[in-house]
Amino acid sequence: MKPEVGKTYGYRIAIRAKRQPLVLSIVVKLGPPKSKQVRVQWLSGEYEGMEEWRNGGMEEWINPLYLLCLWEEHDIFLRDEILLLRAIEASHSPHDHVEDQAVNEVFAALAPSIYTEFSSRKNSILVIEQFRDKMGAWNIETEEWTAEPFAFVDKQGTYYGTFATAIRLAQKLCQMFPERVLRFTRNELRQHIEESRTAQHFNSDSGFLDRQDQMLAADFRREQEQVVEILHSWCGADFVAQQDRLEELENEMARLRKLLAGTLDWMQHTAEQYQLRWLHAKYIATYKELTGGLPPLAKQVRASNKRPGSGVDYNSPVVNDNAPPPYWIRVSQSDSTVELWSTARLPFEPKGWMRQMRDDLRQALHQIRPETDKSFLQAAYISTDTGYFDTENVLLYNMGVAAFKHLCLHGISFKHTVQVPPNCPVTLNGEAAHFYRYKATPTPTLSLTDDNDTIAKWPSTACPPLTQSTKPHVLWGLLRQQDATTIVKEWSGTFGLELTLSVPRDAVINTVGLVKPLLDGIVSAFHTHDGSRLSDVANRLSSMTGLPPARIESLLMESDKAVFGRTRLIYPHGQGVQWAPNDHLCVEATLHVEYVDHFERAVILRFQYTICPKLRPTNGHTI
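So, a few notes on the structure that sits alongside this text. (Residues numbered from 1 in each chain as written. Predicted model: local features only at pLDDT ≥ 70, side-chain atom pairs only at ≥ 80, totals over all residues. Heavy atoms only, no water.)

1. Some remarks on the sheet that holds strand β4 (residues 59–62)
Okay, so step 1: With respect to topology, five strands assemble into an open sheet ordered β4-β3-β2-β1-β5, the strand pairing being antiparallel. With partners counted over all chains shown, the strands left at the sheet margins are β4 and β5 (67–70), one partner each. Across the sheet, the mean angle separating the axes of adjacent strands is 45 degrees when strand polarity is ignored.
Okay, so step 2: Two strands pair when backbone bridges link them, and strand β1 (residues 8–11) and strand β2 (residues 23–30) are joined in this way by four bridges, in the antiparallel orientation. Counterpart to Gly10 in the pairing with β2 is Leu24. (Pairing = 2+ DSSP bridges. Helix = DSSP H or I, 4+ residues; strand = E, 2+ residues; numbered from the N terminus. Axes fitted to C-alpha atoms, helices over the stretch in contact; angles between N-to-C directions.)

Have a look at this one:
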């Protein structure tokens, strides 16, 4: 939305804080284009100091991204937010990751603008962009789906529904388009099998990590096999059998074509000259008729078979190499930087051209060689996207942690900035709305902010050795029982985290792989549980931690350290538990790794949260 002078807008200091009120403001001046600022006058507001500003006619330069809607539409905007929160609360998490993957496999095969998205409560919700156009193209009545419980269409025409609705829609699409769904998902399975065989799923270097990466690739293959089983049941046994027979015929035709081509090549290289002319006149023409005259096989074209940055729509059977690409990657060896512009945010387990984009980005990162062995990785994501997602997933885990292991020996920082990305050097086939930057630098000097900019801090704390598979309860239980200093009693906005990890000098670690366990455990320690299923989760945590259930209940319900408030922090999941802290609000973090020669305990953590605890508009406020 481009602001105009003289119009009134609804302003919010924290874009993602959907329960905060909007402030009435009027645009009085547009700043220079490069400043990306507008000057507004505050007409109403409930933030700290806003009453004084309004009475004095206070004006201020701000980032226009925080003007969320025209004031005349603010009632509709707030209504959509309330409906979205209700849909999130009413939805449920999929029984397992495979169920959600199966649903998204159907949507990826048919329309990338339909997907499920995890909210801050870890509930999965259905999102359909351009809802009425999409349903109309499929001849599906929209009334049936708008009548679903808690479903609604916002003012942009985007549909939101619960995960139960997502399952029903995926099953209906499987009945309508079984061939496209099965071909797509079987191609994905073949890809996983090949990656498992070659141990290339995480682009691993040779070394002791090869076996671990191969095991991970095998896990993805097994998950894909389960997804195929689910989709087989949704498409129906009769059509699956028919598709099996068709694929057998196609495979046999491909084998015969390859045999014919090989035979002709052998004959041309062993025959006399006159025989060559005779073969060319008779058999080559026949070969061209067989291979070129038949209708092309209805195979999905994968962007991975085309040039990097190809403009291939992965749902299209025809490749147009002259079309603009959907992404662009730039590598600068001189300053150890990799930059990516994309028309879509990279998801977990991407499909089609987004899988190729991920693989190309891994290759680009592999080309970067830090100038010294004290490498520190700076990762940044710039976009106007304010949806529900974890910044560390977008920048690191969706890429695969092995891609960064040579760039972060001494630490890593990541940051999500909500603003318009820098201009892409080439024209893409859509808006270059997502920008990624990875830069390897020498280890920076540790500089924690002072207490004036701190929510909470913790003294040096010993903990067991950490790995990629460390569960949140390890750090949660450890930190919950330590003395903490909380500067702010409650905080509902975005925040940053800075910590130092001390390890033995001869330790071999992949720092990126530790980010998720650290964030989940630390952020969980600053919440208090709302009491849901308390006895059940306490008994499960007791068997995992060795602490008595009564002690677990006490730690879950204590509120003295809960600067992030009361929420349903944990719930039963399978044989264990699932943690659901508001870690999506952590938009910036720095992890320093220091190697020491002697200390008694295995690992020492020193960390503190860093964010300015002020709730009023600031000049060019950036999260």
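2. Details of unusual backbone geometry
Where the residue is not glycine, phi is negative for most of them; where a peptide bond is considered, it is trans in most cases.
Okay, so step 1: Of note in the backbone geometry, Phe150 takes a positive phi value of approximately 65 degrees without being a glycine.
Okay, so step 2: By relative accessible area, which is 48% here, Phe150 ends up partly exposed.
Okay, so step 3: Backbone geometry places Arg533, a non-glycine residue, at a positive phi of 50 degrees.
Okay, so step 4: A relative accessible area of 46% places Arg533 in the partly exposed class. (Buried < 20%, exposed > 50% of the residue type's maximum accessible area, 1.4 Å probe, protein only.)

3. Regarding the pattern of salt bridges
Okay, so step 1: Per the stated rule, a full pass over the model turns up 23 salt bridges.
Okay, so step 2: Here Arg186 ties to Asp244 by a salt bridge, and the two come within 2.7 Å at their closest N and O atoms. Linking Arg186 in helix α7 (residues 178–198) with Asp244 in helix α9 (residues 237–270), this pair joins segments that are 58 residues apart in sequence.
Okay, so step 3: Of the residues examined, Arg186 reaches a relative accessible area of 8% and is grouped as buried.
Okay, so step 4: A salt bridge links Arg330 to Glu339, with the shortest nitrogen-to-oxygen separation between them at 2.8 Å.
Okay, so step 5: Each of Asp390, Glu392, Lys516 and Asp583 takes part in a single network of salt bridges with overlapping partners. (Salt bridge = Lys/Arg side-chain N within 4 Å of Asp/Glu carboxyl O.)

Purely geometric numbers; function is a separate question.
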